[in-house]
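Inside the fold
Spelled out, the chains give:
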Amino acid sequence: MMSGGYSTFQRLYYGDNDLPVNYYKITNGQRAGITAGYFGLIGTLIAGMGFNAKWKMSPQQLQSRQQDEWSRSGGGSETTFY
């Protein structure tokens, strides 16, 4: 975010003189590819959040699960808590 602010400041006060000649010259196919990549990234993140939501538990659920596992294992010291 800070680098974006710095580059915006540079463009506002000093112009676009430091940019390479072909910086903004990309084809429509390249723009479509970049756009598809960003939408793919967003879709992947949303799908990952949905997958992760299935496994989320409240502290009470976690404590109940730990107690159930502890009682099923006989309360031994080798019990693994999650």
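Residues numbered from 1 in each chain as written. Predicted model: local features only at pLDDT ≥ 70, side-chain atom pairs only at ≥ 80, totals over all residues. Heavy atoms only, no water.

**Let's talk about the pattern of salt bridges**
- Evaluation of the coordinates by the stated rule reveals one salt bridge.
- The closest approach of N and O atoms between glutamate 69 and arginine 65, which form a salt bridge, is 3.3 Å. Of the two residues, glutamate 69 and arginine 65 both sit in helix H3 (residues 59–72), four residues apart, roughly one turn of that helix.
- Note on glutamate 69: relative accessible area 18%, which makes it buried. (Salt bridge = Lys/Arg side-chain N within 4 Å of Asp/Glu carboxyl O. Helix = DSSP H or I, 4+ residues; strand = E, 2+ residues; numbered from the N terminus. Buried < 20%, exposed > 50% of the residue type's maximum accessible area, 1.4 Å probe, protein only.)

**What about a nonpolar patch on the surface?**
- On the surface, a cluster of nonpolar side chains totalling about 500 Å² of accessible area is made up of Ile26, Ile34, Tyr38, Leu41 and Leu45.
- With respect to the element layout, leucine 41 can be found in helix H2 (residues 28–53). (Patch = residues over 30% accessible without salt bridge, like charges linked within 9 Å, V, L, I, M, F, W, Y side chains within 5 Å. Areas by Shrake-Rupley, 256 points an atom, 1.4 Å probe, with all protein chains shown as cover.)

**Details of the confidence of the model for the protein chain**
- With 80% of its residues at a pLDDT of 70 or more, the protein chain shows a mean pLDDT of 82.
- In the model of the protein chain, helix H1 (residues 2–14) stands out as the element of lowest mean pLDDT, 76, in contrast to H2, which has the highest, 95. (pLDDT = per-residue confidence, 0-100.)

**Considerations on H3**
- In a regular helix each residue adds 1.5 Å, so 14 residues correspond to 20 Å; H3 covers 20 Å between its end C-alpha atoms and thus fits that length.
- Positioned one or two residues after H3, glycine 74 has a phi angle of 85°, which is positive. (Expected span 1.5 Å × (residues − 1).)

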